[in-house]
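# Examining the three-dimensional arrangement
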Amino acid sequence: MIIGAAECECMIYDAHSLKEKRAVLQRILTRLKQKYNVSVAEVGFQDVWQRTKIAIVVVTSTRVNTEHELNNALKFIDSFPEIERTITEIEWL
């Protein structure tokens, strides 16, 4: 069993309030959970309206599968024009 965890800091430039930020984040996080075999949550910068930190965790039987799922989830985040991924750290457990 391999566990992969990615933490990515993101910018949401068009958010002008926490409510707007959470609307964007909620849509992205919900779709990530529906589309991929991942657990995902906002884990940082929760009181800042243009910045966030998202954690994505994947558990599979092989590192290749875990890496594939994580990469797909990160590419999916990148597909949203309203959010920009800046710093990403991946950890293997």
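Attention here is on the structure that accompanies the text. (Residues numbered from 1 in each chain as written. Predicted model: local features only at pLDDT ≥ 70, side-chain atom pairs only at ≥ 80, totals over all residues. Heavy atoms only, no water.)

## Quick word on the overall build of the protein
For the protein, the helix and strand inventory stands at two helices and four strands. Reading the secondary structure of the protein in the N-to-C direction produces β-α-β-β-α-β. Rg of the C-alpha trace for the protein: 13 Å, near the compact-globule value of 12 Å for 93 residues, within the 12% margin. Split into buried and exposed, the 93 residues of the protein put 39% on the buried side. A sequence separation of at least 24 residues applies to 70% of the contacts in the protein between residues at least 6 apart. For the protein, the exposed area adds up to about 5,500 Å²; of that, 51% sits on carbon and sulfur atoms. (Helix = DSSP H or I, 4+ residues; strand = E, 2+ residues; numbered from the N terminus. Rg over C-alpha atoms; globule rule 2.2 N^0.38 Å. Buried < 20%, exposed > 50% of the residue type's maximum accessible area, 1.4 Å probe, protein only. Contact = heavy atoms within 4.5 Å. Areas by Shrake-Rupley, 256 points an atom, 1.4 Å probe, with all protein chains shown as cover.)

## Quick look at helix 1 (residues 18-35)
Over its 18 residues, helix 1 runs 25 Å from end to end, which matches the ideal 26 Å to within 8%, given 1.5 Å per residue. Burial in helix 1 covers these residues: Lys21, Val24, Leu25, Ile28, Leu29 and Leu32. Down the axis of helix 1, the smallest arc covering the buried residues is 120 degrees, so these residues share one side. Exposed and oriented more than 90 degrees from the buried face of helix 1 are Lys19 and Gln34. (Expected span 1.5 Å × (residues − 1). Arc of directions from axis to C-beta.)

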